[in-house]
Amino acid sequence: MQRGSSVDSSGSRFTPLVVVELASNTKEEAVAWLLSRIRDQQQNGGAELFVEQLGPGIDAQEKENPNIFLVGASWQRLLSGAEDVGLFKEYSDGSMRGFTRANKHNFKDFNGDGDDFLSMAECQYIIKHELETLRAKDETHVPGHSQAKLYPGKSIIRRLLSKGILVQIFPLHEKEELKKLSFSWYKKVKLSLQPLDDIRHYYGEGQALYFGFLEYFTFALVPMALIGVPYYLFDWEDYDKYVVFAVFNLIWCTVILELWKRFSASLAYRWGTLSRKKAFEEPRPGFHGVLGFNPVTGREEPVYPTAKRHLRIYLVSLPFVLLCLYLSLYVMMIYFHMEGWALTIHDEDPTFWTGILLFIPSIIYAVVIEIMNLIYRYAAEFLTEWENHRLESSYQNHLVLKVLVFNFFNCFASLFYIAFVMQDMVLLRQSLATLLITSQILNQFMEAFLPYWLQRRRNKKVIRKVQKQKTLEEKELPLEEQVRLEADMSTYLGTFDDYLELFLLFGYVSLFSCVYPLAAVLVVLNNITEVYSDAFKMCRVFKRPFSDPAANIGVWQLAFEAMSVIAVVTNCALIGMSPQVKAYFPDSETQLILWTVAIEHGLLAFKFILTFLIPDVPKHIQIKLSRLEFESLEALKKKKMLEAVELSKTFQ
């Protein structure tokens, strides 16, 4: 647990787990009201948690936000919360079951009072859940803030976030546990698997599944990399030699995604999230609308007409996305003009420097692509926010769709144009290599080195301030300074960008690696450095994120599967264009096209048949889940029978 402890106003000592920061100009009556709601008993509508104000920093003269609070809970309250959130833990028979306090001693790791039964990440997730389920009662607005209206039965925390009264809620790092994880994860270079169970224990299932997928994707690329190296080393320039590689791509991109579903199901079952029921979704903090009646909850809450949202999507967002795609196409044509200009200069006077010049347009274009992707991402977030989606899942789905469509077009349009319009395989190979290498270098810089440098500057300021007061006799910071340091750290925005990067790399490999066999080798090297850089930024650069009890990689599974379908079509077209295949149809190009389309349809049919043949969940896990369901039904029948017997005794 977190080093040090705090004392609640009731005199109870507790371990600080979560930090709640309110705006510095929050009215005193609003602060007092919120703290009383957090401390109040559950039967009175409170969260029944411990909360205490953070003490002043080392340098009291500096302007510091006084409204930072440490939140914790008693073990009994955490166990009660574990039952509320439907936490699955390992039972004494080895199966994963929903935790209940009634049979807590039947769970494998429950000893004594259960002090070490829950991980710190689980405790912090429970506290977050309890804070978010604090509901407004008869208050019409936040005390002292008449503009922040409250609606009976709606989440107080989400309302405070949307009105800017609540700045942030984040879980604290546990220094000793983080040191151990850092050492086993990225501080020593080793040829071994990542400590996925330790990552899950510290950061939660969502984060561990991402690193599990990154590791799986890297290993899945190894066969392709091993096949690709001989092609490159022996300089097999004849395009028809790559037909075999294209056929391998077709099978590879289908099989690895199906096997991943089985592997992720095994991980999710082991971590207790596979059969965990999804919690009822509350409206997003940014959602707004006129006061109306929700037929599901039976409460009054803000509602927004679906028709109005659809008008915003189809009349504003869709045209904007199409305009961005047109601009991407325009930039691509400028790139081809630059490519033609460089080629003309090289043909007139072929020297070493003009040879270097041939790569300059591709490098510039790769940088421009990354800049355009970044700008578009901000625009897509603004538009999706403006569309005013009620639920976070709906918001994420629309954002992912916008970003994927543009990124796919922006990154791959030029490669498709070179392959199927210009049919210049030498230029395709050069463009693919340049785009892949440049994007990897830029991503590593933007994701790891830049945030680390900015964070180091922030850390140095805090450490200098502490040393200036001569109070630091050991390397560890006092709790107050540690909390303020973490509060200033960058917020981890989730795995969206990480999955997006893997999606684009998967596209480069599955679509065109038959033309540039070293693509898989480059992606393997990138993924190895990605593991270390992502691990480093999670442990050193960002605030600790709350645990996300994910059962799979969500909408990204569909995105990768859609890419694999496009890969089948693309590789079939490349095979059909090869001189080796064209030799079989010397007189009729129409016949060649028809045969290519027929084979492509046959392969797609095979791909979908394979999807059904390979179960998503391994057989032994299906049996365990079915057995658990059967036992639950039997227990319910037994309970009803006992109730019926008790009832009959009452009437006798």
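No experiment lies behind these values; they were computed from the predicted model shown.

1. Let's talk about the overall build of the protein chain
Next up, step 1: When helices and strands are counted, the protein chain shows 20 helices and 12 strands.
Next up, step 2: Taking all 652 residues of the protein chain together, 49% fall into the buried category.
Next up, step 3: Long-range contacts, defined as pairs at least 24 residues apart, comprise 74% of the intrachain contacts of the protein chain with a sequence gap of at least 6.
Next up, step 4: Total accessible area computed for the protein chain in this model is approximately 32700 Å², and 62% of it derives from carbon and sulfur atoms.

2. Digging into unusual backbone geometry
Next up, step 1: In this model, N388 sits at a positive phi of 60°, which is unusual for a non-glycine residue.
Next up, step 2: Structurally, N388 is set in the loop between α11 (360–386) and α12 (392–422).

3. Details of the nonpolar core
Next up, step 1: Formed by 108 residues in total, the largest nonpolar core has its most connected members in W185, Y203, W252, F503, F506 and W556.
Next up, step 2: Element by element, the count of residues in this core is highest for helix α7 (residues 205–233), at 13 residues.
Next up, step 3: Beyond its immediate sequence surroundings of up to four residues, W556 is in contact with V400, L404, F496, Y499, L500 and F503.

4. Looking at the side chain of K261
Next up, step 1: With respect to the helices and strands, K261 occurs in helix α8 (residues 243–270).
Next up, step 2: Judged by relative accessible area, which is 14%, K261 ranks as buried.
Next up, step 3: For K261, the contacting residues outside a window of four places in its chain are Q557, E561, T611 and D616.

5. With respect to the sheet that holds strand β5 (residues 68–72)
Next up, step 1: If you walk across this open sheet you meet the four strands as β4-β5-β3-β10, and the pairing is antiparallel. On the outer flanks of this sheet lie β4 (50–53) and β10 (166–171), each paired with one strand and no other. When strand polarity is set aside, the average angle formed by the axes of neighbouring strands in this sheet is 20°.
Next up, step 2: Against the sheet, helix α3 (residues 120–132) engages β3 (18–22), β5 and β10, with an angle of about 35° to β3.
Next up, step 3: Strand contacts of helix α14 (residues 479–488): β3, β5 and β10, with the helix running at about 110° to β10, the strand carrying the most contacts.

6. Concerning the pairing of β3
Each regular strand carries side chains that alternate between the two faces of the sheet.
Next up, step 1: With five of its five residues buried, β3 lies for the most part within the structure.
Next up, step 2: By the alternation rule, side chains of β3 split into V18, V20 and L22 and V19 and E21, which are all buried.
Next up, step 3: Where β3 meets β5, four bridges bridge the pair, whose relative direction is antiparallel. What sits directly across from V19, in β5, is L70.
Next up, step 4: The pairing of β3 with β10 spans five bridges and is antiparallel. Counterpart to E21 in the pairing with β10 is Q168.

7. Points about the pattern of salt bridges
Next up, step 1: Per the counting criterion, the structure on display carries 19 salt bridges.
Next up, step 2: Across the pair R200 and E205 runs a salt bridge, and its minimum N-O distance is 3.0 Å.
Next up, step 3: Note on R200: relative accessible area 17%, which makes it buried.
Next up, step 4: Looking at E205, the relative accessible area reads 5%, which means it is buried.
Next up, step 5: Its salt-bridge partner being E381, residue R377 comes within 3.0 Å of it at the nearest N-O pair.

8. Some details on helix α1 (residues 28–39)
Residues that lie three or four places apart on an α-helix share one face, since the helix turns once every 3.6 residues.
Next up, step 1: A rise of 1.5 Å per residue sets the reference length of α1, with its 12 residues, at 16 Å; its end C-alpha atoms lie 17 Å apart and thus fit the reference within 8%.
Next up, step 2: Those residues of α1 not exposed but buried are A30, V31, W33, L34, L35, R37 and I38.

9. Notes on the side chain of T254
Next up, step 1: Residue placement: T254 occurs in helix α8.
Next up, step 2: The class for T254 is buried, based on a relative accessible area of 5%.
Next up, step 3: Engagement of the side chain of T254 in a polar contact is seen with the side chain of K607, the distance being 3.4 Å.
Next up, step 4: Other than its neighbours up to four places away in sequence, T254 contacts K607 and L610.

10. Focus: the packing of aromatic side chains
Next up, step 1: Per the stated rule, a full pass over the model turns up 36 aromatic pairs.
Next up, step 2: On the basis of an interplanar angle of 75° and a centroid distance of 5.2 Å, the ring pair of F416 and F512 is categorised as edge-to-face. Placement of F416 in helix α12 and of F512 in helix α15 (residues 496–512) is noted, with a sequence separation of 96 residues between them.
Next up, step 3: Each ring, one from Y499 and one from W556, has its centre 5.8 Å from the other, and the planes form 20°; the classification is stacked. Taken together, the residues span a long stretch of sequence, with Y499 in helix α15 and W556 in helix α17 (residues 555–577) at a distance of 57 residues.
Next up, step 4: On the basis of relative accessibility, which here comes to 5%, the residue W556 falls in the buried class.

11. What to know about the environment of Y232
Next up, step 1: Within the secondary structure layout, Y232 lies in helix α7.
Next up, step 2: Looking at Y232, the relative accessible area reads 45%, which means it is partly exposed.
Next up, step 3: Residues Y232 and Y516, spaced 284 residues apart in sequence, show a C-alpha to C-alpha distance of 8.1 Å.
Next up, step 4: In this view, Y232 contacts Y516 and L518; residues no more than four positions away in its chain are not counted.

12. As for the UniProt feature "transmembrane region" (unreviewed entry) in the protein chain
Next up, step 1: The UniProt record annotates "transmembrane region" (unreviewed entry) at residues 208–233, 239–260, 313–336, 356–378, 399–420, 432–454, 502–525 and 592–614.
Next up, step 2: Secondary structure content for residues 313–336 is 100% helix and 0% strand, while the C-alpha to C-alpha distance between its ends is 33 Å.
Next up, step 3: Between the C-alpha atoms that bound residues 399–420 the distance is 30 Å, and the span itself is 100% helix and 0% strand.

13. Some words on the packing of α12 against α17
Next up, step 1: Where α12 contacts α17, the two axes come as close as 12 Å, and the packing angle between them is 15°. Of the possible angle classes, the one that applies to α12 and α17 is roughly parallel. Of the two elements, α12 crosses α17, and the hand of that crossing is right-handed. Where α12 approaches α17, its residues N397, V400, L404, F408, F412, F416, A419 and F420 are matched on the opposing element by V555, W556, A559, M563, I566, T570, A573, L574 and M577.

14. Observations concerning the environment of R312
Next up, step 1: By secondary structure assignment, the location of R312 is in helix α9 (residues 306–348).
Next up, step 2: Residue R312 is classed as buried on the basis of its relative accessible area of 18%.
Next up, step 3: As for R312 and N388, which are separated by 76 residues in sequence, their C-alpha atoms are 9.2 Å apart.
Next up, step 4: Not counting the four nearest positions on each side in its chain, R312 is found in contact with Y304, S317, W386 and E387.

Cut-offs applied
- Residues numbered from 1 in each chain as written.
- Predicted model: local features only at pLDDT ≥ 70, side-chain atom pairs only at ≥ 80, totals over all residues.
- Heavy atoms only, no water.
- Helix = DSSP H or I, 4+ residues; strand = E, 2+ residues; numbered from the N terminus.
- Buried < 20%, exposed > 50% of the residue type's maximum accessible area, 1.4 Å probe, protein only.
- Contact = heavy atoms within 4.5 Å.
- Areas by Shrake-Rupley, 256 points an atom, 1.4 Å probe, with all protein chains shown as cover.
- Core = buried A, V, L, I, M, F, W, Y, C linked by side-chain atoms within 4.5 Å.
- Pairing = 2+ DSSP bridges.
- Axes fitted to C-alpha atoms, helices over the stretch in contact; angles between N-to-C directions.
- Salt bridge = Lys/Arg side-chain N within 4 Å of Asp/Glu carboxyl O.
- Expected span 1.5 Å × (residues − 1).
- Polar contact = N/O pair within 3.5 Å; in protein donor to acceptor, adjacent residues only side chain to side chain.
- Phe/Tyr/Trp six-rings, centres within 6.5 Å; stacked < 30°, edge-to-face > 60°.
- UniProt positions renumbered as here; feature names shortened; annotations may be inferred.
- Parallel < 35°, antiparallel > 145°, perpendicular 65-115°, else oblique.
- Left-handed = near helix turned anticlockwise from the far one by under 90°.

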